[in-house]
Amino acid sequence: MAKDLVCGMEVKEEEAAGFSLYKDKKYYFCSKNCKEKFDENPEEYLKSEEREKEQALPEKEVEPEPAKEHGEKSERIDIPIVGMSCASCASTIQRGLADLKGVEKANVNFATSSATVLFQPHLVKPEEFISSVRKSGYEVGTVSLELPIQGMDCASCVQKIEKALLQTRGVTKAVVNLATEKAKIEYLSSETGIKEIKRAIESTGYKVLELAPSEEVEDPERLIREKEYKKLKTKFIVGLVLGLFVFLGSSRHWFPWVPSFLGNFHVLWALATPVQFWIGWQFYKGAWGAFKHRNADMNTLIAVGTSAAYLYSVTATLFPSFFEAGGIKPAVYFDTSALIIVLILLGRLLEARAKGQTSEAIKKLMGLSPKTARVIREEKEVDIPVEEVLVGDTIVVRPGEKIPVDGIVKDGKSAVDESMITGESIPVKKKAGDEVIGATINKTGSFKFQATKVGKDTALAQIIKLVQDAQGSKAPIQRLADVISGYFVPIVISIAIATFVIWFNFGPFPALTFALLTFVAVMIIACPCALGLATPTAVMVGTGKGAEKGILIKGGESLETAHKLDTIVFDKTGTLTRGEPEITDIVIQNDYSEEEILKYAASAEKVSEHPLGEAIIKRAREKKIELHDPKNFNAIEGHGIEAEVDGKKVLLGNLKLMQKQKIVVRNLEEKAEELAGDGKTPMYISLEGKAAGLIAVADTLKENSLQAVAKLKKLGLEVIMLTGDNKKTAEAIARKAGIDRVLPEVLPEDKVNEIKNLQSKGRRVAMVGDGINDAPALAQADVGIAIGSGTDVAMEASDITLIKGDLRGVVSAIELSKRTIKIIKQNLFWAFFYNTAGIPLAAGVLYPFFGILLNPIFASAAMAFSSVSVVSNSLRLRRVKL
Amino acid sequence: MQAKLIVTIFGVLLIVSVNWYFFFSRKKSASADVKEEGIQEVKIIVKGGYDPDVIVVKKGISVRLDFYRDETDDCSDTIVFGDFKIRKPLPAFKTTPIEFTPEKEGEYVFTCGMGMMRGKLIVR
């Protein structure tokens, strides 16, 4: 074994990529690259080798020396911990850490959510602390980071960098990938930062490229693309000028004013050649590349087709006598070959531009991600890259700034523009306790919030992932087109050859010319691109459009099923209704005022945790009624509550409570029954043993439920409401929402069966629910629509997720799917029709009957515009109003 | 007459050979190396097609396919594994890793964005 002095890798002499002789000694290398580097400056590598040897020697002596173990200085490390909910968690973690060999002291602080460990660095590695914490069931607040590295050319570089990284304090994991030229690093932000990590990598002699968030990764690609596009444009312009001259020279019978030298075959040849081989080079390159892989594509068709016309013309120019001997007047078709190339180039230019627009939505989403966050660390505000924000960090946001990650407002008030995520155009008010979403923009006030989700867990990251996945999916409708496009080109080539043979054998004089022109026309007119682009472009634009409006569609399949729906089932609570009871009616008796009733009821309920009580307190607060603390509070199971407020005895509950306490309710009973019939829950209240009135509480409809249901009915869907409520209550709510059919008294676990039932009757069912307790029903439905939540469970189970709670989103989602499928169908029809009609036409089937033959130049124009038209048709989806 | 016969025979032969070449001739295949970390890895060069275009991998072990796109031609700018719901852009002159774990045996087709360039993943 020899050592490659450049990269440090061990190489077998017989397997080495090369060797160099220097000062009579042979040096072996793993790659050509290393050899070249060595040859440039051998002295430098020899020197550094010697230095390494010197350093390595004393180390070996140190290792076995046990005496030094005790004298070694211990080190301290702080580890942020995520997921501790109580002080006992802290002791679990602490025990786990303290049990590790080499740990002198471990202290876990629940309040600061961190662990401080004093340890002997030669006995234990910080990684072990992390796995110990994880074993105890908690997460460590590490930051993960991906850094692009330049200059790695062999596998040993990888090890070198990984080693250097792992030796850096605070780095817990380092994986370097040679293929992607990236290092994935996990580190403790309390111990180290990006700067130190970069330094560690650079100390090994490699360069870290600028931190590249996802959008920047695309940049070099975009640059190449732009350059290509420019090159294509130049080629097109030059080709157009040359092509025009060739065209004029070849068509002197139409343009007698064209000077005669332009009609000379040799001149035409000279003009057409750069078009064929410089401008058309990419077709040859592409065709050859595909040919080697036993593939055939568009390039094959164009290269073979134009070459046939070109070579025929060259033969006619060089050996006219050959044609004359056969009785044919020699003719050239340089205009055909040149103009075909120019037109197809134009088509590609237009297509490239249009295709770029189809992925705009996702690029916009990626562009939303914030770069930095202002975090409070050690009581100071510091700006840090958003990748370093940890769950639990307190973040400060000022007016006009982007909220960096997801979290909960702790302090301050503001209005936040969430339109980029939810599609809601009006800024949403935020106060302490409210959730904020990363990438939304803070408008008016400043506030502090605590980060709850960072990195790939934020709503934005989840949305991007979902949309990316969706755009990668295909609608089942595309399958046929896929099967066809796989066989398309070789079949077209076969048809073209058959056309040539048939024209040559049975065609009129001059048969060879006809055979050639029809052969070229068939090759050129066939357009598998249009077939291939039909669905993906529409799905991309459709799902992108949805994402802009807060409608996340899981994929092409969901889109396709959604447009076929005939039944839509709504879960009641939290979907059609707000899910929080509200006071709907207050009935007064015995001269008490509404305010008084509210005051006593709310004060009595102050200590209860019943949702109905909360509704009363909420209303009292809204009315700015001052509440007092109740005394002698007592909750009577199944009846209600009793308490003393301001010295008055308050009873609040059902009829049973009143009867038990012998309170005369008189005509209140009648009123209560009426309210119950409307789907409300009436509660009696009495003060000092006298009936004071009724408070009716009900879950109310969301503002837009009625409108959404009406629109869905208009779209021809049957709307059904599913609920656990009793029939009477359920029907009352359904009536208000405009729903005719109700499935009442359905236990949560039976929701799935109800959906199955409907499906067994041949219905295509959509289920709309809040996604958490409805997950099985959402998954069972043909299309599951989760509403108003970005939770993973909901996204997982549903086909469509609506970020906003607004039910009109359901209508928009269904409309969007209908539009998208319509566009796909148009595209597929156009692409199929185009090819099935175009190919026979180009082959000349109309000639025997009508004497019509398609000029290959028109065939190329038709081809170029067929794929452009498909992409442009898909782009129409961007303008759909939702 | 003779010319017609020659053209006919030549044409038929050409059609047969075109179809044989594109549909029935053997393609290059490669098996994945299983690395120590339990990942099977294959490098694929994308240039007018996939090289190799038949890839054999083992079931249940995560697979990393490193696609290096050695051209700027638009046709190959996206890679699609329909069965695994993967669609990824392939930046030109860069390696893009595609990672997933095949759980079921079978043959899975992967294609370019438009379904024209094809390769096959065989899971055993």
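Located above this text is the structure these notes cover.
Residues numbered from 1 in each chain as written. Chains lettered and ligands numbered in written order. Predicted model: local features only at pLDDT ≥ 70, side-chain atom pairs only at ≥ 80, totals over all residues. Heavy atoms only, no water.

Some details on the overall build of chain A
Counting secondary structure elements, chain A contains 34 helices and 34 strands. For chain A, with 882 residues in total, the buried portion stands at 50%. Intrachain contacts of chain A at a sequence separation of at least 6 include 65% that bridge at least 24 residues. Carbon and sulfur atoms form 55% of the exposed surface of chain A, whose accessible area is close to 42400 Å². (Helix = DSSP H or I, 4+ residues; strand = E, 2+ residues; numbered from the N terminus. Buried < 20%, exposed > 50% of the residue type's maximum accessible area, 1.4 Å probe, protein only. Contact = heavy atoms within 4.5 Å. Areas by Shrake-Rupley, 256 points an atom, 1.4 Å probe, with all protein chains shown as cover.)

With respect to the sheet that holds strand β27 (residues 648-653) of chain A
Residues and elements named next belong to chain A. Read from one edge to the other, the open sheet built from 6 strands follows the order β24-β29-β28-β27-β26-β25, with strand pairing classed as antiparallel. On the outer flanks of this sheet lie β24 (577-588) and β25 (631-636), each paired with one strand and no other. Strand-to-strand twist across the sheet, computed as the mean angle between neighbouring axes with direction ignored, equals 20°. Sheet topology note: the β27/strand β28 (residues 681-687) ladder contains 4 bridges and is antiparallel. When the sheet's bridge partners are listed, Leu652 is paired in β28 with Ile685. Packed on one face of the sheet, helix α23 (residues 594-605) meets β24, β25, β26 (640-645), β27, β28 and β29 (690-701) and runs near 130° to β24. Sheet strands touched by helix α26 (residues 668-677): β24, β28 and β29. Its angle to β29, the strand with the most contacts, is close to 5°. (Pairing = 2+ DSSP bridges. Axes fitted to C-alpha atoms, helices over the stretch in contact; angles between N-to-C directions.)

Some details on helix α7 (residues 194-203) of chain A
Residues and elements named next belong to chain A. The set of residues buried in α7 consists of Ile194, Ile197, Lys198, Ala200 and Ile201. Buried residues of α7 fall within an arc of 155° about the axis and therefore sit on the same side. Looking at α7, the residues exposed on the side facing more than 90 degrees away from the buried face are Lys195, Arg199 and Ser203. (Arc of directions from axis to C-beta.)

Here's the deal with helix α24 (residues 611-622) of chain A
In this model α24 of chain A runs 17 Å from its N-terminal to its C-terminal C-alpha over 12 residues, within 8% of the 16 Å that 1.5 Å per residue would give. Of the surrounding secondary structure, the elements contacted by the buried residues of α24 of chain A are β24, α23, β27, β28 and β29 of chain A. (Expected span 1.5 Å × (residues − 1).)

Focus on the side chain of Thr575 of chain A
With respect to the helices, strands and loops of the structure, Thr575 of chain A is situated in helix α22 (residues 572-576). Setting aside anything within four residues of it in sequence, one finds Thr575 of chain A in contact with Phe570, Lys702, Val768, Gly769, Asp770, Ile787 and Leu807 of chain A.

As for the interface of chain B and chain A
Each partner contributes to the interface: chain B provides 43 residues, whereas chain A provides 44 residues. Roughly 3900 Å² is buried in total at the junction of chain B and chain A, and carbon and sulfur atoms are behind 59% of that figure. Contact with chain A buries surface across chain B, with Phe22, Met114 and Met116 of chain B losing the most and accounting together for 18% of the total. Counting every contact that joins chain B to chain A gives 0 salt bridges. Taken together, chain B and chain A are joined by 4 residue pairs in polar contact (both at pLDDT 80 or more). Going through the elements one at a time, α1 (2-24), β4 (50-51), β6 (62-69) and β9 (95-100) of chain B are the ones with two or more residues in the side of chain B that touches chain A. The dominant element in the side of chain B that touches chain A, judged by the number of residues it contributes, is α1 of chain B, at 12 residues. The residue makeup of the side of chain B that touches chain A, split by class, is 18 nonpolar, 10 polar and 15 charged. (Buried area = accessible area lost by both parts, 1.4 Å probe. Salt bridge = Lys/Arg side-chain N within 4 Å of Asp/Glu carboxyl O. Polar contact = N/O pair within 3.5 Å; in protein donor to acceptor, adjacent residues only side chain to side chain. Nonpolar A, V, L, I, M, F, W, Y, C, P; charged D, E, K, R; others polar.)

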